[in-house]
Amino acid sequence: MFAKRLLQKARHHKQFVQLGNMEIADLDIRVVVHYGIPSTASVLAFDPIQRLLAIGTLDGRIKVIGGDNIEGLLISPKQLPYKYLEFIQNRGFLVSVSTDNDIQVWDLEKRCLACCLTLDSNITAFSVICGSYFIFIGDEYGLFSVLKYECENGKLVQLPYHIPANSFAEVAGISILEHQPIVGVLPQACSSGSRVLIAYQNGLIILWDILEAQIVLIRGDKDLQVKHEVDSPSNCHLPNEPSECHIEEKEISALCWASSSGALLAVGYVDGDILLWKTSSDTRFSKGQEDGPSNSDVIKLQISSAERRLPVIVLQWSKNNGSRNDCDGQLFIYGGDEIGSDEVLTILSLEWSSGMETLRCVNRVDLTLPGSFADMILLPKTGPTDALFVLTNPGQLHFYDDTTLSMVISQQERKPSVFPVEIPMVIPTADPNLTVSKLSLLNPGEKSSKALLQLASAGKLGSAPFLGGNTKWPLTGGVPSQLSAEDRGVERVYIGGYQDGSVRIWDATLPVLSLICILEGEVQGTKVTGSYAPVSALDFCFQTLSLAVGNECGQVQVYKLNDSSDSTNFHFVTETEHEVHVLPQGKGTHCGVVFSLFNTPVQVLQFANRGTKVIAAFGCGRVAMLDLSLASVLFLMDPPSVSSCPVISVTLTSFTNTQNLLSKSILESELSENPTKELMLILTRDTGINIVDGVTGKKMNAQPLHLNKASTAISMYVLEGHVLEPGLSNEKHPRDLSNKSMQDDTSISINSHETETHSMLACSVELLSNTLVLLCSVDSLRLYRMKSLIQGDNKSVHKVNLPKMCCWTTTFKQDEKVCGLVLLYQTGVIEIRSLPDLELVKESSLMSILRWNFKPNMEKTISSTDNGQIVVVNGCEMGLISILASENGFRLPESLPSFHDEVLAAAADAAMSFSSTEGKKQGNASGVFSGIIKGLKGGKAVRRTENVTATPKSNITDLDGIFSRPPFSDLSVPVDNQEQLELSIDDIEIDEPLSVASTSFHMDKNNKREKGTERERLFEGATTNDIHPKVRTREEIVATYRKTGDASSAAAHAKDKLLQRQEKLERISRRTEELQSGAEDFASLANELVKTMEGRKWWKI
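The residue count restarts for each chain, going from 1 along the sequence in the order it is written. Given that this is a predicted model, residues contribute local features only at a pLDDT of at least 70 and side-chain atom pairs are listed and counted only at 80 or more, while totals for whole chains, interfaces and linings are drawn from all residues. Excluded from the side-chain calculation are hydrogens and water; included are all heavy atoms of the structure.

(A) Seen up close, the overall build of the chain. A run of DSSP states H or I qualifies as a helix once it reaches four residues; a run of E qualifies as a strand once it reaches two. Both are numbered from the N-terminal end. Each helix and strand counted, the chain has 16 helices and 59 strands in total. Whether a residue is buried, partly exposed or exposed follows from its accessible area with a 1.4 Å probe, protein chains only, as a fraction of its type maximum: under 20%, in between, or over 50%, in that order. Expressed as a percentage of its 1101 residues, the buried residues of the chain come to 51%. A separation of at least 24 residues holds for 59% of the contacts in the chain among residues at least 6 apart in sequence. Here the accessible surface of atoms and residues is derived via Shrake-Rupley with a 1.4 Å probe, and residues count as covered only by protein chains that are part of the display. As displayed, the chain has an accessible area near 51,400 Å², and 50% of this comes from carbon and sulfur atoms. In what follows, a contact means two residues having at least one pair of non-hydrogen atoms within 4.5 Å.

Take a look at the structure:
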């Protein structure tokens, strides 16, 4: 019996609910706009040519920042930290390495993951050859390998070129412990990628020449006496006594080149020491060399004299522009200081003369960091020294420009009082704190949209971030979209209210937001108490371009953004007084009226009657209807409940009186003058719903709605046009319309009060029956009929209990009809349900969309529009999410800016090609290159690229050939007992085919004889007649095969030579066929020309 009644109850609820028509295919949750630096930021990368900054995070995201408010967010499929991040400079690609050893290549132009390659071993060292697609990798087993990104087919290929540690040991004649990790791979400066420095964890350093396939030098493999004879000021704390240093037992933790030519290497160790190694030498390393590095080849630096010191985490070097010595400059160090000391970034100014003995530390500066250190990166010089980005936790990016650093270095102070420049946020969320926001749509065709566009153009605030003083923003990369809002006007605005009482308005028509104006809380010329209070409520009317701002002191400020009148009157309205003040004339938007009625926070603001009225709800539970045209208060409502619970939602809806009126009563004249009646629904936090007349403020429902079970309300929505299925409803309510009244199209009075009776008569029964009210609380969703609520019936027609505690909701439309409900839970889970059946369609989360964790009070800064666009704020981040698959209000992807400037890239390549062709020095090439960049960017910032060295294409071609085969495939060592080796295949030299210099059909005998000789030389060794192998001595073989390898490698080498000769022969054959085909085409063309000319007279020629 109980089961039967339960089934009947379920059917009873179901028959009142119209099934939703939303499907999963209608939804596509995606991030359209993202601004701000993630709090989990951990690693930095910079492209000095494209002027882009990339920030890797601990949760698999990469933030890319350029100029002109251009920002983007790349999200990895895996939520894993990034340990390495580098640009493929000037090529539009970014390479990242995660802790799972996934090597990802990101296409910046398409903003997507181009390819991914996972290595089995743990990657412990990573570097990209500047100006190329080659990547150096070092792993935990000591294997050095090379990867290449093939942009044509979008693949990351692991090349055959790889060298294990034992191969280096064999070539060098030294012993290396097994499974010794590589901790650093650095292409040597000015080597065009042909030399690479490989550092092992145990302190061994090898400089490897790729073109010559030999070791240039080895450091750290012997015990040596390290000299500390450094002329330094007292604040450098550098010891001055020689000591024995066990290099083999010192574990490397950081390294960098300390000269622009690659002649000096700075190495940091886990014990806090820093060794400066000399890498330039007139003599090359040879196998069996017994002499280790001399005392003149290394110098030790110590940041602190304490016994227990921090490991040296980061080392970076900046050249001193004012010196001719390429080793003079600043060494930036994080770590090496005493354990427990303050977080500082140490800058040592080093000067060299001739030789390692004349090192002088002329200055030391400790920059106090505002947070725990995460990473740092130097920017190529824009002035006397490099600029600097420092990343601290949580996600704070600080900028030190070149002028500030130069001034700090010259002050000769150990800890100068210098503060970094904070990154200018496009959407400030933390300083000042964002308290409330509003995303609003405008009709592009209306005049208000064009007027707002004029206001945005007049402001000119969206182009370049303001840093103050003469500081120039170093990030200028990216190319804005060609789409512009000038043709259509402003279609979307984002408004933010702040804790200091100010309001900012952005043009959000395109994915790149631009600031329109900033409204300060103060009123110029008039002192208004409480004007600087935090903003608590916002609303925007697109018809009149009016903005209503409410704060926690109970003030309601109204601005008109398109006020073109000369009126300078300011109205200050209280509950009992109305003051008018004359303001001084000035440019810009100003506040026209301030309502100060109650000293409690403004909870809700909503425009009504096309912007002529404003509904204001307060924390004390009272509601006011404000007339903006008269700057007056139309009516004030007392708290709906005895507890004076705050009002959290107000909805104003209209019903047209077309029929179903009771009779020609005393209200006939009133209804004829006002055929449309407005109903105001007021929701309090304790789930109480009150319905009042929107014109008079009189109550219309018999009793307020209150849930039997205590709960907390979140929001309320009025759903119009959802017709219930006919013939299914058998619901009988005590105060429902009777059958007779329904047949007679009459209404029944539900209260003895005459005003409430008249209000009920003014409403259409048909429209009320088709209108539903959705009440959202923290634990349930309930649907009510509007008619039932007015009649005092608190029974819902449909109810859904929520599985978790909900904190925020919104509805969205499809085809101009409300069709879906979005719910955000306190766990960060997002649900999308169809309306009005409230069935679950899709589930997601903030973590899966934006990699965010839910934080308390996050719901206060969330805003949305009717087309499924939602703005969420978390810490310093702002994200705009789009839900509907069919919605493309931002006109993607055409409106997206590009992170790769192809014109700038082509100019850079041309400059480098020109400089290499002319054989100029590196400095001259940089000058040409920087001049081209400055011309392309319109002189936004002075860019000098002395530290930017791109690899010439000729060297890239050479490296491509070398990396395409194993490193020792061309080398062999003869067998001890074999004195003579009979090989002749490597003596075959096949040149490229010569181009035909003459088209004459008659060639002299000398040319024929010469060609015959070339042909004989070409096929030398291809026949077996009277051909005998050449007997060569062991010394000749050793010289040919470079003293490495064995008999098997010699055979492999011979095979490679045969394959190379076959490739050249095939290439000659193809060229011959092309020439033959061209000759036939020429003969055919000549015949046609002869036939054509035969029929023409001489005067026609």
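(B) Layout of unusual backbone geometry. Of note, the amide linkage connecting N393 to P394 takes the cis form, showing an omega dihedral of 0°. Looking at the element boundaries, P394 is found in the loop between strand 29 (387-393) and strand 30 (396-400). Cis geometry marks the peptide bond from D431 to P432, where omega comes out at 0°. Among the secondary structure elements, P432 is positioned in the loop between strand 31 (421-422) and strand 32 (434-441). A positive phi angle is found at R111, which is not glycine, with a value near 55°. Within the element layout of this structure, R111 appears in the loop between strand 8 (102-107) and strand 9 (112-118). Here R111 falls in the partly exposed class, since its relative accessible area comes to 22%. With a phi close to 60°, R851 is a non-glycine residue in the positive phi region.

(C) Seen up close, the packing of aromatic side chains. To pair, rings of Phe, Tyr and Trp, with the six-membered ring standing in for Trp, must have centres within 6.5 Å; the planes then decide the type, stacked if under 30 degrees apart, edge-to-face if over 60, and tilted in the middle. Applying the stated criterion to the full structure yields 15 aromatic pairs. Both rings, one in F134 and one in F963, keep their centres 5.0 Å apart while their planes meet at 70°; by these two values the pair is edge-to-face. Placement of F134 in strand 11 (residues 134-139) and of F963 in helix 13 (residues 953-963) is noted, with a sequence separation of 829 residues between them. The exposure class of F963 is buried, given its relative accessible area of 0%. Judged by centre distance (5.2 Å) and plane angle (75°), the ring pair of F168 and W208 falls under edge-to-face. Residue F168 is found in helix 2 (residues 165-172), and its partner W208 is found in strand 16 (residues 205-209); the two are separated by 40 residues along the sequence.

(D) Focus on the pairing of strand 38 (residues 555-560). Counting buried positions along strand 38 yields 5 of 6 residues, so the element is predominantly enclosed. Bridge count for strand 37 (residues 546-551) against strand 38 is 5 bridges, and the pairing is antiparallel. When the bridges of strand 38 are listed, V549 appears paired with Q557. Any two strands with at least two DSSP-identified bridges between them are counted as paired. Two successive antiparallel strands, strand 37 and strand 38, enclose a turn made up of 3 residues, where G554 displays a positive phi of approximately 90°. Two elements, strand 38 and strand 41 (residues 591-596), share 5 bridges in a ladder whose sense is antiparallel. When the sheet's bridge partners are listed, V558 is paired in strand 41 with V593.

(E) Highlighting the confidence of the model for the chain. Put simply, the chain has an average pLDDT of 77, and 71% of its residues get 70 or more. Note that pLDDT drops below 50 for residues 238-246; the model gives that stretch 25 contacts with residues more than four away or on any other chain. pLDDT expresses, on a scale from 0 to 100, how confident the predictor is about each individual residue. Considering only residues more than four positions removed or in separate chains, one finds that residues 920-949, a stretch of pLDDT under 50, has 50 contacts.

(F) Here's a closer look at the side chain of Q869. Residue placement: Q869 occurs in strand 58 (residues 869-874). Taking the relative accessible area as the measure of exposure, Q869 reaches 0% and is therefore buried. A distance of 2.9 Å separates a polar atom in the side chain of Q869 from a polar atom in the side chain of E887. Contact partners of Q869, with chain neighbours within four places excluded, come to L439, L441, R492, S863, S864, L880, I881, S882, E887, G889 and F890. Polar contact criterion, stated in full: a pair of N or O atoms within 3.5 Å, where within protein one must be able to donate a hydrogen and the other to accept it, and residues adjacent in sequence count only if both atoms are side-chain atoms.

(G) Region of interest: the nonpolar core. Counting 30 residues, the largest nonpolar core has F136, F144, Y161, W208, I210 and F963 as its most contacted members. With near-sequence residues (within four places) excluded, F144 lies in contact with F136, I137, Y161, H162, I163, I182, V185, V196 and I198. The next biggest cluster of nonpolar side chains, apart from the first, holds 28 residues, and it includes L452, V523, F572 and L583. Residues belong to a common nonpolar core when they are buried Ala, Val, Leu, Ile, Met, Phe, Trp, Tyr or Cys residues joined through side-chain atoms within 4.5 Å.

(H) Spotlight on the pattern of salt bridges. A pairing counts as a salt bridge when a side-chain nitrogen of Lys or Arg comes within 4 Å of a carboxyl oxygen of Asp or Glu. Scanning the model with the defined rule gives 19 salt bridges in all. With a shortest N-O distance of 3.7 Å, K300 and D273 are connected by a salt bridge. Of this pair, K300 sits in strand 23 (residues 298-302) while D273 sits in strand 22 (residues 273-278), and the two are 27 residues apart along the sequence. Just as K300 is buried, D273 falls in that class too.

(I) Up close: the side chain of Q316. On the secondary structure map, Q316 appears in strand 24 (residues 312-319). Reaching out from Q316, the side chain makes a polar contact with the backbone oxygen of M376 at a distance of 2.9 Å. Filtering out sequence-adjacent residues up to four positions away, Q316 remains in contact with C256, Q330, L331, F332, M376, I377 and L378.

(J) Quick peek at the sheet that holds strand 14 (residues 182-187). Read across the open sheet, the 4 strands follow the order 14-15-16-17; overall the sheet is antiparallel. Looking at the sheet topology across the chains shown, the edges are occupied by strand 14 and strand 17 (214-219). Neighbour to neighbour, the strand axes of the sheet diverge by 20° on average, direction disregarded. With 5 bridges connecting them, strand 16 and strand 17 associate as antiparallel partners. The residue bridging D209 from the neighbouring strand is Q214, located in strand 17. Axis definition: a line fitted to C-alpha atoms, over the contacting stretch in the case of helices. Angles run 0 to 180 degrees between N-to-C directions.

(K) Up close: the environment of S777. Among the secondary structure elements, S777 is positioned in strand 50 (residues 771-777). Sequence separation between S777 and L802 is 25 residues; the distance between their C-alpha atoms is 9.1 Å. Once residues lying within four places of it in the same chain are set aside, the contact partners of S777 are S711, T712, A713, I714, R782, L802 and C806. At 3.1 Å, the side chain of S777 forms a polar contact with the side chain of D779.

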